Amino acid sequence: MQIIHSAEKKKILEQLESQFGINKLPYLLLQFGKEKIRAFSGSLSSQELLILDKNLRIETVGLYFAKQQEDGLRLSLDALHFLKNQITKNILDINNEQAESWFRGEDLLIKTDKGFKILKNTEDFIGCGKSTGEKITNFMPKERRVKS
């Protein structure tokens, strides 16, 4: 576990603003491994978290927030819900039939510009996928998929 300090957090926030319009992130950010970012809003200080990690080897703390990839940040489903009021960019509205396919873990054949897209059905954000220009790749975790 590594604490993401202010300079790196500022870069992440700039990336979030550029990609999704998100401009506030009032959480302590933690990095696990090379790519996974978690958001923590509890009462423990960063120093207390580091002491716990050293003595107990914390594997997860906070909410899984995003995965840093070469071409941008991919937000988790949970992050979409707690940041929904800030997301203003790269929103792709999909119909009910497409939403059902998404929940089954299927990629969607939608032509749009490349990059990460926030999928929205009616008023709900339902996932973050990556557009190749021809399709949206589904990253819905298997344990959250609807079984056909």
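Look up: the structure comes first, before these words.
A. Structural detail: the overall build of the protein chain. Of regular secondary structure, the protein chain possesses four helices and nine strands. Starting at the N terminus and walking to the C terminus, you meet the elements of the protein chain as β-α-β-β-α-β-β-α-β-α-β-β-β. The C-alpha radius of gyration computed for the protein chain amounts to 16 Å, which stays within 12% of the reference 15 Å derived for 148 residues, consistent with globular compactness. Along the first, second and third principal axes, the C-alpha set of the protein chain runs to 50 × 35 × 25 Å. In the protein chain, which comprises 148 residues, the share counted as buried stands at 40%. Positive and negative side-chain charges of the protein chain, numbering 24 and 20 respectively, have mean locations separated by a distance of 3 Å.

B. Just the side chain of Gln31, in detail. For Gln31, the position within the fold is in strand E2 (residues 28-32). Of note is the side chain of Gln31, whose polar atom sits 3.3 Å from the backbone oxygen of Gly33. Setting aside chain neighbours within four positions, we find Gln31 in contact with Met1, Gln2, Ile4 and Lys36.

C. Here's a closer look at unusual backbone geometry. Even without a glycine there, the phi angle at Asn90 is positive, about 55°. Its place among the elements puts Asn90 in the loop between helix H3 (77-82) and strand E6 (91-93). With a phi close to 55°, Thr122 is a non-glycine residue in the positive phi region. Of note, Thr122 is situated in the loop between strand E7 (115-121) and strand E8 (124-131).

D. Main features of the layout of surface pockets. In this structure, the largest pocket occupies an estimated 460 Å³ of space. What lines the largest pocket is a set of 22 residues, and nearest its centre among them are Tyr64, Arg74, Ser76, Phe139 and Pro141. By residue class, the composition of the lining of the largest pocket is 11 nonpolar, three polar and eight charged.

E. Structural view of the environment of Thr112. Relative to the assigned elements, Thr112 resides in the loop between helix H4 (96-103) and E7. Through-space distance from the C-alpha of Thr112 to that of Gly42 is 39 Å; in sequence the pair is 70 residues apart. Every residue in contact with Thr112, bar those within four places of it in the chain, is listed here: Leu92, Lys117, Ser131, Gly133 and Ile136.

F. Up close: H4. Residues Ala99, Ser101 and Trp102 constitute the buried set of H4. Taken end-on, H4 shows its buried residues confined to a sector of 160°, consistent with a single buried face. Those residues of H4 that are buried are in contact with E7, E8 and strand E9 (136-137). In this structure Asn95 caps H4, since a side-chain oxygen of it lies 3.1 Å from the backbone nitrogen of Glu97. Positive phi appears at Gly105, one or two residues downstream of H4, with a value of about 90°.

G. Expanded view of a nonpolar patch on the surface. On the surface, Leu44, Leu52 and Leu56 cluster together to form a nonpolar patch covering roughly 260 Å² of accessible area. Looking at the secondary structure, you find Leu44 in the loop between strand E3 (36-40) and helix H2 (46-56).

H. Fine view of the environment of Glu123. Looking at where Glu123 falls in the secondary structure, it is placed in the loop between E7 and E8. Judged by relative accessible area, Glu123 falls into the exposed class, the value being 66%.

Procedures and definitions
The numbering scheme is per chain: residues are counted from 1 as the chain's sequence reads. Whole-chain, interface and lining totals are the exception, using all residues; otherwise, since this is a predicted model, local features are given only for residues with pLDDT of at least 70 and side-chain atom pairs are given and counted only at 80 or more. Excluding hydrogens and water, the side-chain figures rest on all heavy atoms present in the structure. To qualify as a helix, a DSSP run of H or I must reach at least 4 residues; to qualify as a strand, a run of E must reach at least 2; elements of each kind are numbered from the N terminus. A radius of gyration in this sense is built from C-alpha atoms; the matching globule rule multiplies 2.2 Å by the number of residues raised to 0.38. Only protein chains enter the calculation, and the probe is 1.4 Å; a residue is then buried if its accessible area is under 20% of its type maximum, exposed if over 50%, and partly exposed in between. Positive charge is attributed to Lys and Arg, negative charge to Asp and Glu, and no charge count is given to His or to the chain ends. Charged side chains are reduced to one point each, which is NZ for Lys, CZ for Arg, CG for Asp and CD for Glu. Within 3.5 Å is the distance limit for a polar contact, defined as a pair of N or O atoms, with the added protein rule that one can donate a hydrogen and the other accept it, and that residues adjacent in sequence qualify only through two side-chain atoms. Contacts were defined at the residue level, with two residues in contact if any of their heavy atoms lie within 4.5 Å. For cavity detection a 1 Å grid was placed over the protein atoms alone, and a set of points counts as a cavity when a 1.4 Å probe fits there but cannot get out; an open set counts as a pocket when protein lies on both sides within 12 Å along at least five of seven lines, with lining residues being those that have an atom within 4 Å of a point. Grid points are joined across faces, edges and corners, and a volume is the space filled by probe spheres set on the points. We call Asp, Glu, Lys and Arg charged. Ala, Val, Leu, Ile, Met, Phe, Trp, Tyr, Cys and Pro are nonpolar, and the rest, Gly among them, are polar. Note that the arc is computed from the directions linking the helix axis to the C-beta atoms. Exposure above 30% relative accessible area and no salt bridge define the residues that can form patches, which grow by joining like charges within 9 Å and nonpolar side chains of Val, Leu, Ile, Met, Phe, Trp and Tyr within 5 Å. Exposure was quantified through the Shrake-Rupley algorithm and a 1.4 Å probe, taking into account, for residues, occlusion by the shown protein chains and nothing else. Whenever a carboxyl oxygen of Asp or Glu lies within 4 Å of a side-chain nitrogen of Lys or Arg, that contact is scored as a salt bridge.

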